[in-house]
Amino acid sequence: MRNQNEMFVYEASIRLHTFYNYFPEDVPTAKEAFERLNGAFTKGDLLPVKQGLSELRIAEFEIVNSYAKILFHLSNPLIPDADLRNGRTNKIRTARRGKDETPVVSAHFIVNFAATGDGKRIYPAVLEETERLSRSAVVSLLNLYLDSQYREQRKNKKGQKKNYSVRLAFIAPVDQTIGHLLEHGGKLKEVKIVRESMAKVTHGDKSYPIIKAQDVRLKTKDEPTGNKAKNILQRIWDDEDRAVKSFKVLVGDPENESTKTVDVDLQSNSILENAFIKKTLLSGFKTPLRQCEDAFRADVFVKIRDLV
């Protein structure tokens with residue numbers, strides 16, 4: 001778990017392409033695409049997206065020179081309230097949410113759309129690692145917004161009518177697989193599972209469908225490593241219902257003295273082949289970082305900008 005003066009980020013790239021690559025000759029540049037998205041955001045056209053119990057939205061979107069700055073907010077009632085300990089009495093209390101309040105987290109995102117990336121439509125990008133706000137969720141949201149701005153029917157070079165739209169892919173260097181890390185001293189610390197199922201509630205003589213959510217955290221007793229850890233993890237995976245909403249594995253990395261988290265591909269047969277994405281630690285923030293920032297912080301922008 002990070003402290004208040006540091007954050008982990010993914011140093012990556014984004015690649016723009018058209019829907020099913022139907023129109024490879026007509027892919028907009030990142031500058032064109034993000035300026036169009038920014039215009040839609042300014043007009044209020046990029047609405048929050050709900051999925052299950054969570055709601056994901058863009059809280060801030062700004063173009064600064066050759067950079068697109070985006071701050072994402074994810075709210076979800078499954079995010080636990082914070083526990084606080086009184087240093088004098090050692091009593092613990094939970095900071096309970098108020099009426100109509102929902103826990104929320106944020107993630108900073110930057111794309112550098114300088115012209116050097118226009119040739120292959122690949123541009124450097126950095127995304128803050130935030131628990132519960134996955135890379136795939138960010139990419140899905142941006143693709144939904146791009147589709148809303150670009151989708152139309154066009155004729156290709158053969159005269160065939162095809163759907164034209166623009167897509168974004170997140171390209172990040174792979175660090176190592178779960179199995180490789182556990183074989184080389186990594187310690188299995190925790191598995192986090194989010195399950196969702198449909199249920200019905202009855203009010204009067206009518207029944208209403210609802211989504212029932214369950215947040216499960218499985219912590220290991222002695223943080224095993226090697227074959228023992230691999231066997232435990234594989235058994236948990238084999239026994240789990242593939243209808244889960246998300247499945248995350250936390251492994252301690254002794255070499256870097258950090259904990260690595262991987263969002264498991266729910267279609268994967270072997271959980272041990274899932275890979276960690278390389279992360280970079282940014283530290284030295286004088287003002288403590290919050291679980292959710294209400295604006296894109298200037299000091300965060302400076303540190304992230306230096307990476308792209």
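The structure we're discussing is the one just above.
Residues numbered from 1 in each chain as written. Predicted model: local features only at pLDDT ≥ 70, side-chain atom pairs only at ≥ 80, totals over all residues. Heavy atoms only, no water.

Visitor: Just checking my understanding: could you explain the overall build of the chain for this structure?
Guide: Tallying secondary structure elements over the chain gives five helices and 18 strands in all. Taking 2.2 N^0.38 as the reference for a compact globule, 308 residues should give roughly 19 Å; the C-alpha atoms of the chain span a radius of gyration of 22 Å, in line with that estimate. Projected onto its principal axes, the C-alpha coordinates of the chain cover approximately 65 × 60 × 45 Å. Looking at the chain as a whole, 42% of its 308 residues qualify as buried. Counting contacts in the chain only where the partners sit at least 6 residues apart, residues at least 24 apart contribute 67% of the total. The centroid of the 51 positive side-chain charges in the chain is displaced by 2 Å from the centroid of its 42 negative side-chain charges. (Helix = DSSP H or I, 4+ residues; strand = E, 2+ residues; numbered from the N terminus. Rg over C-alpha atoms; globule rule 2.2 N^0.38 Å. Buried < 20%, exposed > 50% of the residue type's maximum accessible area, 1.4 Å probe, protein only. Contact = heavy atoms within 4.5 Å. Lys, Arg positive; Asp, Glu negative; His and termini not counted. Charge placed at Lys NZ, Arg CZ, Asp CG, Glu CD.)

Visitor: Looking at this model, I keep getting lost on the pattern of salt bridges. Mind explaining?
Guide: Opposite charge on two side chains permits them to pair, given that their charged atoms come into close proximity. Enumeration over the complete set of coordinates arrives at 18 salt bridges. The salt bridge partner of Asp147 is Arg151, with a shortest N-O separation of 3.0 Å. The exposure class assigned to Asp147 is buried, which follows from its relative accessible area of 18%. Judged by relative accessible area, Arg151 falls into the partly exposed class, the value being 39%. (Salt bridge = Lys/Arg side-chain N within 4 Å of Asp/Glu carboxyl O.)

Visitor: Honestly, helix α4 (residues 226–239) in this entry has me stumped. Any pointers?
Guide: For the α-helix, the turn length of 3.6 residues means that residues three or four positions removed from each other point alike. The end-to-end C-alpha distance of α4, which contains 14 residues, comes to 20 Å, matching closely the 20 Å that a straight helix rising 1.5 Å per residue would cover. Among all positions in α4, only Gly226, Ala229, Lys230, Leu233, Gln234 and Trp237 are buried. One face of α4 carries all of its buried residues, which in axial projection span an arc of 125°. Among the exposed residues of α4, those oriented more than 90 degrees off its buried face are Asn227, Arg235 and Asp239. (Expected span 1.5 Å × (residues − 1). Arc of directions from axis to C-beta.)

Visitor: Hey, could you run me through the nonpolar core in this one?
Guide: As a rule of thumb, soluble globular proteins bury nonpolar side chains together. Counting 37 residues, the largest nonpolar core has Phe34, Phe72 and Phe109 as the members making the most contacts within it. Secondary-structure elements contributing two or more residues to this core are β1 (6–18), α1 (30–42), β3 (54–64), β4 (67–75), β7 (104–112), β8 (122–128), α2 (135–150) and β11 (166–171). Sort the elements by how many residues they give to this core and α2 lands first, with seven residues. Here Phe109 is in contact with Ile14, Ala68, Lys69, Ile70, Phe72, Ala125, Val126, Leu127, Leu142, Phe170 and Phe296, once residues within four sequence places are set aside. Ranked by size, the runner-up nonpolar core spans 19 residues in total, among them Ile193, Ala229, Val262 and Leu272. (Core = buried A, V, L, I, M, F, W, Y, C linked by side-chain atoms within 4.5 Å.)

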